[in-house]
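Each chain is listed here by its residues.
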Amino acid sequence: MTTPHGTPAGRRPRVALAMRPAALADDLFAGLWPELDSLADLTPGVVTEWDGDAVAVLADTEVLLTGWGCPRVTRDLLARAPRLRAVIHAGGGAAAVVDAEAAAERGIELSDAGDKNAVPVAEYTFAMIVLAGKRARYAERLYRDRRAFIDREAELRDTGGYGRVVGLVGASRIGRRVALLLAGTDLDVLVHDPYLSAAHAAALGVRRCDLAELMSASDIVSLHAPVTSQTVGMVDAAMLGRMRDGATLINTARGDLVDHVALLEHLRPGRIDAVLDVTVPEPLPPDHELWSLPNVVLTPHIAGATGNELARLGRHLLDELRRLRDGVPPAAADPAARAVAGSAPTGRQGR
């Protein structure tokens, strides 16, 4: 039996790893190397640059397993990989590392681990929403400064999540997971996403609205939109000005969605708070004002998979590799690749 990819079903495909740093592979496949060896005829080493030796490897490669930091696989490089049948990416979109148009022309499958990476991002976001409702950062600072009893009923009256409004900007893979986590709380959830249907909103237990209403009505705003020409700078001075006094902005998507100059105008006087896992630039310069503001939580892009969570992505890569070996289409075809092929709307891929 021959698979749709032109190789005998059950035969181990020739597989190469490409990511940077190379040590990322050890985290992705922690405890999984024997299984990977059983599934693949694995090229020794990890490609970190497409130099002469690495390009030579492409000639025999049938499946490329990639991680973030993978040197981009251009149209010219794909032309040097005549046997390549699939790219399985450990991040949120294989199109980020592969020329999706050229891959589609060749019928090369693109698969990603975006759904798996969405799990820790949604969990991080949910935790920050709960802590923002509690005003945990303010309470901690008050406690540290006084080092004495804090009368919660007197000084933390405007805290808690009961009946608060959370606005999710984007019903991406991550945004939908956050909405499902919030469904078990007493929070009211609004969503702005032009692609979200009424039926899907009802299934998530959220109410659709436009961005202006969401920014005005929400106590906590969390960003989950992709970066497109329409979304860059969407949270601008006008939208930030709509936020309620004491509201919190959470960004685990991309810094490009927010006008940082305008954001500082609202953060300096303490009118709003912010939780920023992503910024522009990233990392911020050492003297950037955001480092010193007491109402800002800055984390180093940790919402996505870190530590032992990387093994979840590695497990997904092996499951997809097994499907390809057995002649079964990938379970997580990359949305951007489907868009290039004309079978899905653009602009919907998650982080």
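Only a predicted model underlies this, so the values are computations on that prediction, with no experimental measurement involved. Residues take numbers from 1 onward in each chain, read along the sequence in its written order. The predicted nature of this model means local features are confined to residues of pLDDT at least 70 and side-chain atom pairs, given and counted, to a pLDDT of 80 or more, with totals for whole chains, interfaces and linings taken over all residues. With hydrogens and water excluded, all non-hydrogen atoms of the structure serve as input to the side-chain values.

## As for the layout of surface pockets
Stated precisely, the cut-off is as follows: Points on a 1 Å grid over protein atoms alone make up a cavity when a 1.4 Å probe fits among them but cannot get out, and a pocket when they form an open set with protein on both sides within 12 Å along at least five of seven lines; lining residues each have an atom within 4 Å of a point. Grid points are joined across faces, edges and corners, and a volume is the space filled by probe spheres set on the points. Secondary structure elements follow DSSP: runs of H or I no shorter than four residues count as helices, runs of E no shorter than two count as strands, and numbering proceeds from the N terminus.
Estimates place the volume of the second largest pocket at around 550 Å³. Along the wall of the second largest pocket there are 30 residues; nearest its centre are A132, R135, G246, T248 and D273. Elements with a contribution of two residues or more to the lining of the second largest pocket: α6 (114-134), α7 (136-146) and β11 (273-276). Among the elements that make up the lining of the second largest pocket, the one with the highest residue count is α7 (five residues).

## What to know about the side chain of D193
What counts, and what does not: Under the scheme applied here, a residue whose accessible area is under 20% of the maximum for its type counts as buried, over 50% as exposed, and between as partly exposed, the area being computed with a 1.4 Å probe on protein chains only. Distance and chemistry together define a polar contact, namely a pair of N or O atoms within 3.5 Å, with one atom able to donate a hydrogen and the other to accept it when in protein, and with adjacent residues in sequence counting only for side-chain atoms on both sides.
The residue D193 is located in the loop between β7 (188-192) and α10 (198-204) in this model. Of the residues examined, D193 reaches a relative accessible area of 10% and is grouped as buried. Reaching out from D193, the side chain makes a polar contact with the backbone nitrogen of Y195 at a distance of 2.8 Å.

## Focus on the UniProt feature "domain: D-isomer specific 2-hydroxyacid dehydrogenase catalytic" (unreviewed entry) in the chain
Let me state the cut-off plainly: UniProt positions are given in the numbering used here, feature names are shortened, and annotations may be inferred rather than shown by experiment.
Taking the UniProt record as the reference, the feature "domain: D-isomer specific 2-hydroxyacid dehydrogenase catalytic" (unreviewed entry) is found at residues 60-330. Between the end C-alpha atoms of residues 60-330 there is a gap of 21 Å, over a span that is 38% helix and 14% strand.

## Considerations on the pattern of salt bridges
The condition is simple: Salt bridge criterion: a side-chain nitrogen from Lys or Arg within 4 Å of a carboxyl oxygen from Asp or Glu.
The final tally for this structure, using the stated rule, is 23 salt bridges. One salt bridge connects R75 with E105, and the closest N-O pair in it is separated by 2.8 Å. One end of the pair, R75, is in helix α4 (residues 75-79); the other, E105, is in helix α5 (residues 100-106), with 30 residues separating them in the sequence. The salt bridge partner of R244 is D219, with a shortest N-O separation of 3.0 Å. Remark: D219 occurs in the loop between α11 (211-217) and β9 (220-223) and R244 occurs in the loop between α12 (237-242) and β10 (248-251); sequence separation between them is 25 residues. Salt bridges here are not isolated pairs; linked through shared partners, they connect R11, D60, E62 and R83.

## Describing the packing of aromatic side chains
Aromatic ring pairs are defined here through the distance separating the ring centres and the angle between the ring planes. Selection criterion: The aromatic pairing rule takes the rings of Phe, Tyr and Trp, using the six-membered ring of Trp, and pairs them if the centres are within 6.5 Å, calling planes under 30 degrees apart stacked, those over 60 edge-to-face and the rest tilted. Either the NZ atom of lysine or the CZ atom of arginine qualifies as a charge over a ring when it sits within 6 Å of the ring centre and within 35 degrees of the ring normal.
In this structure the tally under the stated criterion is one aromatic pair. Against the face of Y138 rests R135, its NZ or CZ located 4.4 Å from the ring centre.

## Remarks on the sheet that holds strand β12 (residues 296-298)
This is how the line gets drawn: Here the rule is simple: two strands pair whenever DSSP picks up at least two bridges between them.
In spatial order, the strands read β8-β7-β6-β9-β10-β11-β12; together these seven strands make up an open sheet with parallel pairing. Looking at strand neighbours, the two that pair on one side only are β8 (207-208) and β12, the edges of this open sheet. Pairing of β11 with β12, which is carried by three bridges, proceeds in the parallel orientation. By the bridge assignment for β12, L276 is matched with L298.

## Focus: the UniProt feature "domain: D-isomer specific 2-hydroxyacid dehydrogenase NAD-binding" (unreviewed entry) in the chain
Within this structure's numbering, the places UniProt gives as "domain: D-isomer specific 2-hydroxyacid dehydrogenase NAD-binding" (unreviewed entry) are residues 127-303. End-to-end, the C-alpha atoms of residues 127-303 are 11 Å apart, and along that stretch the chain is 34% helix and 15% strand.

## What to know about the pairing of strand β1 (residues 14-18)
Across the five residues that make up β1, a large majority, four, are buried. Where β1 and strand β2 (residues 41-47) come together, four bridges link them in parallel fashion. Bridging from a neighbouring strand, A18 pairs with V47 of β2. Note that β1 and strand β3 (residues 63-66) share four bridges and pair parallel. For V15, the partnering residue across the bridge sits in β3 and is V63.

## Looking at the sheet that holds β1
Test applied: To get an axis, a line is fitted to the C-alpha atoms, and for a helix only the part in contact is used. The angle between two axes follows their N-to-C directions and goes from 0 to 180 degrees. When checking whether two residues touch, look at their non-hydrogen atoms; a contact exists if any pair is within 4.5 Å.
Spatially, five strands are ordered β2-β1-β3-β4-β5 in an open sheet, and the strand pairing comes out parallel. Looking at strand neighbours, the two that pair on one side only are β2 and β5 (109-112), the edges of this open sheet. Within this sheet the neighbouring strands show an average axis-to-axis angle of 15 degrees, counted without direction. In the packing of helix α14 (residues 310-325) onto the sheet, the strands contacted are β1, β3, β4 (86-89) and β5, and the crossing angle to β4 comes to about 160 degrees.

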